[in-house]
Amino acid sequence: MAVLDLLGRDSRIDTILLVEPDTYKPHNVHRHYFPAASCGKPKADLAAGWLAERRPDLRVETLVADLCDPACAGRIDEMVSRADIGVCAVDNDRAKLHWDWLMRRHSKPWTLGEVLAGGIGGFVHMFVPGGPCFACVASQLQRETKVDDSPPPDYSAPGHAISEASIPASISSVHAIASLHALSTLALLGDEDGRGWDSTTRLLPLRAVPGIFNRALETVNLPFARLADCLNCSSGKGGGDLLEAFECLNRAAGS
Amino acid sequence: MGILDNPVSKERLLGVELPALQAYNSQRDPEYRVSVEPKGGELQLRYRLKPAHNVYELVTVLPDSYPVIAPTTRVLTKLESCPHLLYQQTLCLWKQASRVADSRWDPARFTAVFAIQAAWRWLACYEIWVVEKTWPIPEAR
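An account of the accompanying structure is given in this report. What you see is a predicted model, and the numbers here were worked out from it, not measured in a lab. (Residues numbered from 1 in each chain as written. Chains lettered and ligands numbered in written order. Predicted model: local features only at pLDDT ≥ 70, side-chain atom pairs only at ≥ 80, totals over all residues. Heavy atoms only, no water.)

### Concerning the overall build of chain A
Then, in step 1: Tallying secondary structure elements over chain A gives seven helices and seven strands in all.
Then, in step 2: Counting from the amino terminus, chain A carries its helices and strands in the arrangement α-β-α-β-α-β-α-β-β-α-α-β-β-α.
Then, in step 3: Put simply, chain A has 255 residues, and 43% of those count as buried.
Then, in step 4: Residue pairs at least 24 apart in sequence account for 62% of intrachain contacts in chain A once pairs closer than 6 positions are excluded.
Then, in step 5: For chain A, the exposed surface amounts to about 12,900 Å²; the carbon and sulfur share of it is 53%. (Helix = DSSP H or I, 4+ residues; strand = E, 2+ residues; numbered from the N terminus. Buried < 20%, exposed > 50% of the residue type's maximum accessible area, 1.4 Å probe, protein only. Contact = heavy atoms within 4.5 Å. Areas by Shrake-Rupley, 256 points an atom, 1.4 Å probe, with all protein chains shown as cover.)

See the structure below:
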């Protein structure tokens, strides 16, 4: 929400297309912009209302859906095709790779902000068509894969508080990385080949952590290149029917 | 959502994994070729390996979040209890966040065939372990 708020207030942006599946929950209240009374409402609708109060001229179109939901793929694809730039704030690698796929499919530049566990720092990545993809960058970052491992909702008590599995970052850390994320997005929007932003990735340590970050607030620029043989962005697209392809392989295997 | 419903996984399977598996199969005798079967939102690869003296039956599962999430490989042939062997004879093949490039699963560089080759290496180590009771390669760091 923080990066959306920062970008939504910039006069250069006239339309926001927002895809967000979540409902506002009690455990969100202390780190978000909305009061406890908003619990139970879709976050996308709350965000649209927040922006409308501050920028009545801003057009906000929302879709309450999971980015990876095949049932919404057509609508999401159409929304992406209309956008000038993508802004990704999802918290699991599956959705990030899916977003990367969408952006490459439509040749759109995009940015990604990632707050590290505990709020000790964060990454901001800028991706441009023809440049390194998310998998190229993740490969070179050598980090642990994070997937959405949140427990399924408790249908007997909708809207109840749930404990967060990871160590949550403070709102200050979230906003620090969100500000850098918003700035990089605006830079890319004004200059789509990324001039003046000479690296793919910026790492901003927010705290000195022995063995990880020697000093706080010393931004590290990581100019990642596209991997020559990246299986995500350099391989052939491969069309056809998957089940037929399986049958063909099994026939050749003699099973 | 299963691996077959996900357009990213689907494109990956058609463009990368199946051609790699076809190339793997084309270089092997029929009894050592890989067959594939979608099952419960995942994709199972079934095959045999013969790293040295013995033949082993294996199944490698590409989960619904593949290739973000690493494939898992189980040996169906009964093994002795040994290092690097997890629950239900699942092989410990990857150490996420490892500083050694080939010890962590990397969707940008590895295919399911790499997972099969990693299983072959694991089984080669296992056959040495059965005789010498020492694992012949160092722990992943």
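There is more to say after this.
### Some points on the sheet that holds strand β3 (residues 86-88) of chain A
All names here are of chain A.
Then, in step 1: Here we have five strands laid out as an open sheet, ordered β3-β4-β5-β6-β7, and mixed in their pairing. Each edge of the open sheet is held by one strand with a lone partner, namely β3 and β7 (220-222). Here the strands of the sheet are splayed against their neighbours by 15 degrees on average, with no regard to which way each runs.
Then, in step 2: Here β3 pairs with strand β4 (residues 110-115) via three bridges, running parallel. Residue pairing for β4: V87 is matched across the bridge by T111. (Pairing = 2+ DSSP bridges. Axes fitted to C-alpha atoms, helices over the stretch in contact; angles between N-to-C directions.)

### Details of the packing of aromatic side chains
Then, in step 1: One pass over the full model with this rule turns up 14 aromatic pairs over all chains.
Then, in step 2: Note on F110(B) and F114(B): the rings are 3.8 Å apart at their centroids and 5 degrees apart in plane angle, and the pair reads as stacked.
Then, in step 3: For F114(B), a relative accessible area of 23% translates into the label partly exposed.
Then, in step 4: Three or more aromatic residues joined by ring pairs make a cluster, and in this case those are Y56(B), W122(B), Y126(B), W129(B) and W135(B).
Then, in step 5: When the ring centre of W50(A) is taken as reference, the NZ or CZ atom of R54(A) above it lies at 3.5 Å.
Then, in step 6: The lysine or arginine in question, K133(B), covers the ring of W129(B), its NZ or CZ lying 4.1 Å from the ring centre. (Phe/Tyr/Trp six-rings, centres within 6.5 Å; stacked < 30°, edge-to-face > 60°. Lys NZ or Arg CZ within 6 Å of the ring centre and 35° of its normal.)

### What about the pattern of salt bridges?
Residues and elements named next belong to chain A.
Then, in step 1: All told, the structure shown has 18 salt bridges over all chains when counted by the stated rule.
Then, in step 2: Of the charged contacts, one joins E61 and R75 as a salt bridge, the two residues approaching to 3.3 Å between their closest N and O atoms. With E61 in strand β2 (residues 59-63) and R75 in helix α3 (residues 73-82), this residue pair connects regions lying 14 residues apart in the sequence.
Then, in step 3: With relative accessibility at 15%, the residue E61 sits in the buried group. (Salt bridge = Lys/Arg side-chain N within 4 Å of Asp/Glu carboxyl O.)

### Some remarks on the interface of chain B and chain A
Then, in step 1: Contact with chain B, which involves 39 residues of that partner, is made by 36 residues of chain A.
Then, in step 2: When the two sides are added together, the surface that chain B and chain A hide from each other amounts to roughly 3,100 Å², 66% of it contributed by carbon and sulfur.
Then, in step 3: Summed over the shared surface of chain B and chain A, the result is six residue pairs in polar contact (both at pLDDT 80 or more).
Then, in step 4: The set of elements that each furnish at least two residues to the side of chain B that touches chain A consists of α1 (7-26) and β1 (35-39) of chain B.
Then, in step 5: With 13 residues, the single largest contributor to the side of chain B that touches chain A is α1(B).
Then, in step 6: Its residues placed into classes, the side of chain B that touches chain A shows 21 nonpolar, eight polar and 10 charged. (Buried area = accessible area lost by both parts, 1.4 Å probe. Polar contact = N/O pair within 3.5 Å; in protein donor to acceptor, adjacent residues only side chain to side chain. Nonpolar A, V, L, I, M, F, W, Y, C, P; charged D, E, K, R; others polar.)

### Brief notes about the nonpolar core
Then, in step 1: Residues L21(B), L45(B), L58(B) and W122(B) are the most contacted members of the largest nonpolar core, which totals 42 residues.
Then, in step 2: Elements with a contribution of two residues or more to this core: α7 (242-253) of chain A together with α1, β2 (42-49), β3 (56-62) and α2 (112-132) of chain B.
Then, in step 3: No other element matches α2(B), which puts 11 residues into this core.
Then, in step 4: Sequence-distant contacts of L21(B), that is, excluding residues within four places in its chain, are made with L249(A), V34(B), V36(B), L45(B), V113(B) and I116(B).
Then, in step 5: Counting 36 residues, the second-largest nonpolar core is a separate cluster that includes I76(A), F127(A), C136(A) and A108(B). (Core = buried A, V, L, I, M, F, W, Y, C linked by side-chain atoms within 4.5 Å.)

### Focus on the side chain of S199(A)
Residues and elements named next belong to chain A.
Then, in step 1: Summarising the element assignment, S199 is placed in the loop between α6 (171-190) and β6 (201-205).
Then, in step 2: Accessibility expressed as a relative area gives 7% for S199, which makes it buried.
Then, in step 3: Reaching out from S199, the side chain makes a polar contact with the backbone oxygen of T201 at a distance of 3.4 Å.
Then, in step 4: Here the side chain of S199 touches R202 through a polar contact of 3.3 Å, side chain to side chain.
Then, in step 5: Contact partners of S199, with chain neighbours within four places excluded, come to M126, N221, L222 and P223.

### Details of α2(B)
All names here are of chain B.
Then, in step 1: Here α2 contains 21 residues, and its C-alpha end-to-end distance of 30 Å stays within 8% of the 30 Å for a straight helix at 1.5 Å per residue.
Then, in step 2: By the burial criterion, the buried members of α2 are A112, V113, A115, I116, A118, A119, W122, L123, C125, Y126, E127 and W129.
Then, in step 3: Residues of α2 that are buried in the fold lie against α1, β2, β3, β4 (72-75), β5 (85-86) and β6 (90-91).
Then, in step 4: The residue sitting at the N-terminus of α2 and contributing the capping side-chain oxygen is T111; that oxygen lies 3.1 Å from the backbone nitrogen of V113.
Then, in step 5: Following α2 by one or two positions, K133 has its phi on the positive side, about 60 degrees. (Expected span 1.5 Å × (residues − 1).)

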